[in-house]
Amino acid sequence: MILVELAVVFVLMSVVSVGGLPSVIGEIQRIVVDRQGWMAADEFVQLYAIGQAAPGPNVLIVSLIGWKIAGLPGALVSLVAMCGPAAALAWWVSGLWDRFKGTPWRAVLQRAMAPMVVGFVAAGGVVLATPGGVPDWRMWLIATASCVSMLTLKKLNPLWLLAAGGVLGAFLL
Amino acid sequence: MSEDLHQVQPPQTLRELFTGFLAIGARSFGGVMPWAHRVMVEERRWLAPADFTETIGLCQFLPGPNIGNASIVLGKRWFGLRGAIVAFLGLFALPFVWVLTLAILYKEVAENNFVKAVVIGVGAAGAGFFIATAIKLAKPLARSPAALVVIFGSLLAIAVGRISLFIVLPVALLLSVVFAYRKML
């Protein structure tokens, strides 16, 4: 049953999403598009874009994926599956984490996590900018422009960059 | 800033907790974190700035959506299990409705090539955010060759090799912990 499959996929994603949704977006795309064939690569990018443009946590992209595949029940199941295990872990760990403040292994773990999260997040960006696995210079131009603007224009609301991406898309794509 | 500006008082009722997180979710165009800071630290003064940073730090380390985790951790701190549930629901209620509404509206026009080009352009710009975030996070790590090995190793494995995260994550974690343990990170 499709709802069970969705739940299994997102429960697994929830457990490994260290650093949040950006870390697993590449993997979600790999499973949803490449492995299960639930949608095409460019449909995935469009859902992602809608998720970015709407207010709220970017994890809501999973409810859009669920909605696309199995309607409203799919949207709810996907969101709960993606947030549930992580929330349970947050509940349990938040007490422990404070208690072990200043212990050497907590410091080791914290330092070890940092480069992994960077690699995973960067990979998420690359995967999204390369739908279907075929590099397209126009997608990369827009992604690079928004990346550079984000790093240089720190006061700018990111929504303007999304809007600019939409305008560029209208002309280029 | 004067001391009394940072007089913090946690929410007193579940209702207050709910409306606070509802306000964060409702206004979070272009990113939740800046709004979470504005509502909880600046407007309602539930938290001191340093406390906010530390809570977010833990939540970034945990799997799952950072701000979702923060709602659980803070809700638990203030009201236990009920608080965690109320804060989480408040945060997600409106964005969930809006994102689906937007998707339903989009479905009507998705066949239009112009609209499609615009939306894919927005997606590409959003992909750029990820790269920018990765670069920001990488700044303190850039001088460590060990960190660069982990960063580019996992980047290539996931984005180019298309290897499952369930293989990349344990390998990267093992490597990274060894590096960190030997003070190479």
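These numbers come from a predicted model, not from an experiment.

## With respect to the overall build of chain A
Right, on to step 1. For chain A, the helix and strand inventory stands at seven helices and zero strands.
Right, on to step 2. For chain A, the N- to C-terminal ordering of α and β elements is α-α-α-α-α-α-α.
Right, on to step 3. Within chain A, the proportion of its 173 residues that are buried is 54%.
Right, on to step 4. Contacts in chain A between residues far apart in sequence, at least 24 positions, make up 57% of those at least 6 positions apart.

## Quick notes on the overall build of chain B
Right, on to step 1. For chain B, the helix and strand inventory stands at seven helices and zero strands.
Right, on to step 2. Listing every helix and strand of chain B by position from the N terminus yields α-α-α-α-α-α-α.
Right, on to step 3. Against the compact-globule benchmark of 16 Å for 185 residues, chain B has a radius of gyration of 20 Å, which places it well outside the compact range.
Right, on to step 4. In terms of overall dimensions, chain B has a C-alpha envelope of 55 × 50 × 35 Å along the principal axes.
Right, on to step 5. Per-residue burial for chain B yields a buried fraction of 43% across its 185 residues.

## Details of the domain arrangement of chain B
Right, on to step 1. Partitioning chain B into structural domains gives domain 1 (1–109), domain 2 (110–140) and domain 3 (143–185).
Right, on to step 2. A straight line from the C-alpha centre of domain 1 of chain B to that of domain 3 of chain B covers 31 Å.

## Description of the interface of chain A and chain B
Right, on to step 1. On the side of chain B, 77 residues touch chain A, which itself brings 85 residues to the contact.
Right, on to step 2. If you list the elements that add at least two residues to the side of chain A that touches chain B, you get helix H1 (2–16), helix H2 (21–35), helix H3 (41–53), helix H4 (61–99), helix H5 (104–129), helix H6 (137–152) and helix H7 (158–172) of chain A.
Right, on to step 3. In terms of residues, the side of chain A that touches chain B owes the most to one element, H5 of chain A, which gives 21 residues.
Right, on to step 4. Taken together, the residues that form the side of chain A that touches chain B break down as 59 nonpolar, 21 polar and five charged.

## Examining the nonpolar core
Right, on to step 1. Counting 112 residues, the largest nonpolar core has Ile 61, Leu 64, Ala 122 and Ala 143 of chain A as its most contacted members.
Right, on to step 2. Looking at which element gives the most residues to this core, the answer is helix H4 (residues 66–109) of chain B, with 15 residues.
Right, on to step 3. The contacts of Ala 143 of chain A, once residues within four sequence positions are left out, are Gly 125 and Ala 129 of chain A together with Ala 124, Ala 125, Ala 127, Gly 128 and Ile 131 of chain B.

## Points about the packing of helix H1 (residues 14–27) of chain B against H4 of chain B
Residues and elements named next belong to chain B.
Right, on to step 1. As a packed pair, H1 and H4 sit with axes 7 Å apart at the nearest point and diverge in direction by 40 degrees. Judged by the inter-axis angle, H1 sits oblique to H4. Here the hand of the crossing between H1 and H4 comes out right-handed.
Right, on to step 2. Residue composition of the contact of H1 with H4, grouped by class: 16 nonpolar, five polar and one charged.

Procedures and definitions
- Residues numbered from 1 in each chain as written.
- Chains lettered and ligands numbered in written order.
- Predicted model: local features only at pLDDT ≥ 70, side-chain atom pairs only at ≥ 80, totals over all residues.
- Helix = DSSP H or I, 4+ residues; strand = E, 2+ residues; numbered from the N terminus.
- Buried ≥ 20, exposed ≤ 12 C-beta atoms within 10 Å, placed from the backbone.
- Contact = placed C-beta atoms within 7 Å.
- Rg over C-alpha atoms; globule rule 2.2 N^0.38 Å.
- Domains from an automatic or database assignment.
- Nonpolar A, V, L, I, M, F, W, Y, C, P; charged D, E, K, R; others polar.
- Core = buried A, V, L, I, M, F, W, Y, C linked by C-beta atoms within 7 Å.
- Axes fitted to C-alpha atoms, helices over the stretch in contact; angles between N-to-C directions.
- Parallel < 35°, antiparallel > 145°, perpendicular 65-115°, else oblique.
- Left-handed = near helix turned anticlockwise from the far one by under 90°.

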